[in-house]
Amino acid sequence: MDLARNLKGETVSRLYPSQPLIVQRGQPVADAVKLMREKKVGCVLVCEQRRIVGIFTERDLLRRVLAQGLPVTTPIEECMTPDPVSVHPKDSISCAIRYMQKGGYRHLPVVIDDKPVGILSVKRIVHYLVEHFPTMVYNLPPHSQPYQPKREGA
Amino acid sequence: MICPSCCHKNLPGDEVCRHCKQPFALFDLPHPENQVERSVMYDQVKTLKQHPPVTIGEKASIGEAMALMTSSNVGALLVVDAEGNLTGIFSERDLLKKIVGLENGFAKLPITQFMTPRPESVSTTDTLNFVLQKMDAGGYRHVPVLENGKPVSIISARDMLRFLTRLSKEAGERGASTS
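The structure contained in this document is the topic of the report that follows. (Residues numbered from 1 in each chain as written. Chains lettered and ligands numbered in written order. Predicted model: local features only at pLDDT ≥ 70, side-chain atom pairs only at ≥ 80, totals over all residues. Heavy atoms only, no water.)

**A word on the overall build of chain B**
- The number of helices and strands found in chain B is five helices and seven strands.
- Listed by position from the N terminus, the elements making up chain B come as α-β-α-β-β-α-β-β-α-β-β-α.
- C-alpha extents for chain B along the principal axes are approximately 70 × 50 × 25 Å.
- Counting the 179 residues in chain B, one finds 46% classified as buried.
- If you take every contact in chain B between residues at least 6 apart in sequence, the share linking residues at least 24 apart comes to 49%.
- When the accessible surface of chain B is split by element, carbon and sulfur atoms take 53% of a total near 9,200 Å².
- Charged side chains of chain B number 20 positive and 20 negative; the gap between the two group centres comes to 1 Å. (Helix = DSSP H or I, 4+ residues; strand = E, 2+ residues; numbered from the N terminus. Buried < 20%, exposed > 50% of the residue type's maximum accessible area, 1.4 Å probe, protein only. Contact = heavy atoms within 4.5 Å. Areas by Shrake-Rupley, 256 points an atom, 1.4 Å probe, with all protein chains shown as cover. Lys, Arg positive; Asp, Glu negative; His and termini not counted. Charge placed at Lys NZ, Arg CZ, Asp CG, Glu CD.)

Structure representation (structure tokens):
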């Protein structure tokens, strides 16, 4: 398996992006936070009539809500990132990685004609890369010390 | 185990051949097949770019931690005790999971109540596959790097992504030029 070639040739849909969590424009931040906490994810998409208008992440929560001292009843569009950089399911994985690195993003919405169909996270991409060399990563002892201090057994 | 080098019969569980002192652990290691695998297996954590970690004392409050996270533009703080030893990690995820919308007046509460205590960590001489393993299997976004119990750096998922893509690109270019 040639990693460089796979990155160029394989598409974002091959990573099976996770289902997006969606809040509607006008909902309060508290709803988004509750949804993120329940689903254990770091980002929600903000939509208006099924079209994506913004993204709200943990970083936005910290910087634009808590640091500014806004109440959690603030409507989400005031603290989301509008018009996020997104990818199409047919885009290559290397293209998604390039967007992430250029903007320093942790999540990219996967979008078809402005309609969100998934979320691609940096963890998912790291997992994809690790799948290319499983024996190097998964066949590891729990400690990095190669030797036991003493022989096991009674 | 019968030593592959000198055929001496050793007791089960021996790490080194009693006759020729050949260490056995090496025989269990996988064999890297290309430059990326070699690098992941043998490169140590210190070859990555070191970020001086942003640390905060155990006595700090959530409000102070939030201010520090915003001003230094990081997603995770390392919590250290008076001697500088790592005791916990406080990240944006802790903020989301345990605080916002659940606690009122959280800015005054102590950070020790909400941090993740005793996080998984690596040392500077560990190889990169340990970092990847912890990150991927544990689902962590940040892995602290310790030296004698004191944090010296922190590796994020994006650092690993940057390292791996650069490596695979270089390997791809080299492969294209040789073939």
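What follows continues from the structure just given.
**Some remarks on the packing of helix H3 (residues 58-66) of chain A against helix H3 (residues 92-99) of chain B**
- Where H3 of chain A contacts H3 of chain B, the two axes come as close as 8 Å, and the packing angle between them is 75°. Of the possible angle classes, the one that applies to H3 of chain A and H3 of chain B is roughly perpendicular. Contacts between H3 of chain A and H3 of chain B pair Glu-58, Arg-59, Leu-61, Leu-62 and Leu-66 of chain A from the former with Glu-92, Arg-93, Leu-95 and Leu-96 of chain B from the latter.
- Here the contact of H3 of chain A with H3 of chain B is composed, by residue class, of five nonpolar, no polar and four charged. (Axes fitted to C-alpha atoms, helices over the stretch in contact; angles between N-to-C directions. Parallel < 35°, antiparallel > 145°, perpendicular 65-115°, else oblique. Nonpolar A, V, L, I, M, F, W, Y, C, P; charged D, E, K, R; others polar.)

**Quick look at the interface of chain A and chain B**
- Taken together, the 45 residues of chain A in the interface contact 48 residues of chain B.
- Residue Glu-92 of chain B pairs with Arg-59 of chain A through a salt bridge whose shortest N-O separation is 2.4 Å.
- Connecting chain A to chain B are 16 residue pairs in polar contact (both at pLDDT 80 or more).
- For the side of chain A that touches chain B, the secondary-structure elements that each account for two or more residues are helix H1 (3-9), helix H2 (29-39), H3, helix H4 (93-103), helix H5 (122-130) and helix H6 (134-138) of chain A.
- Considering each element in turn, the side of chain A that touches chain B owes the most residues, seven residues, to H5 of chain A. (Salt bridge = Lys/Arg side-chain N within 4 Å of Asp/Glu carboxyl O. Polar contact = N/O pair within 3.5 Å; in protein donor to acceptor, adjacent residues only side chain to side chain.)

**A few points about the sheet that holds strand E1 (residues 22-24) of chain A**
Residue and element names in this part refer to chain A.
- Taken in spatial order, the four strands of this open sheet run E1-E2-E3-E4, and their pairing is mixed. On the outer flanks of this sheet lie E1 and strand E4 (81-82), each paired with one strand and no other.
- Relative to strand E3 (residues 51-57), strand E2 (residues 43-48) runs antiparallel, the two being bridged by six bridges. Within the sheet, the bridge partner assigned to Val-46 lies in E3 and is Gly-54.
- Packing of H3 onto the sheet brings it into contact with E3 and E4, and relative to E3 it is tilted by some 75°. (Pairing = 2+ DSSP bridges.)

**Side note on the pattern of salt bridges**
- Inspection of the entire model under this criterion finds 15 salt bridges over all chains.
- Residues Arg-64 of chain A and Asp-60 of chain A are paired through a salt bridge, measuring 3.5 Å at the closest nitrogen-oxygen approach. Of this pair, Arg-64 of chain A and Asp-60 of chain A both sit in helix H3, four residues apart, which is roughly one turn of that helix.
- For Arg-64 of chain A, a relative accessible area of 32% translates into the label partly exposed.
- Residue class for Asp-60 of chain A comes out buried when judged on its relative accessible area of 7%.
- Salt bridges linked by common partners bring Glu-58, Arg-59 and Arg-106 of chain A together with Glu-92, Arg-93 and Arg-141 of chain B together as one network.

**A closer look at the environment of Gln-68 of chain A**
- With respect to the helices, strands and loops of the structure, Gln-68 of chain A is situated in the loop between H3 and E4.
- At a separation of 3.5 Å, a polar atom in the side chain of Gln-68 of chain A contacts the main-chain carbonyl oxygen of Arg-63 of chain A.

**Focus on unusual backbone geometry**
All names here are of chain B.
- We note that Lys-21 has phi near 65°; this positive angle belongs to a residue other than glycine.
- Backbone geometry at Asn-73 places phi at a positive 60°, although glycine is not the residue there.
- You can see Asn-73 is positioned in the loop between helix H2 (62-72) and strand E2 (76-80).

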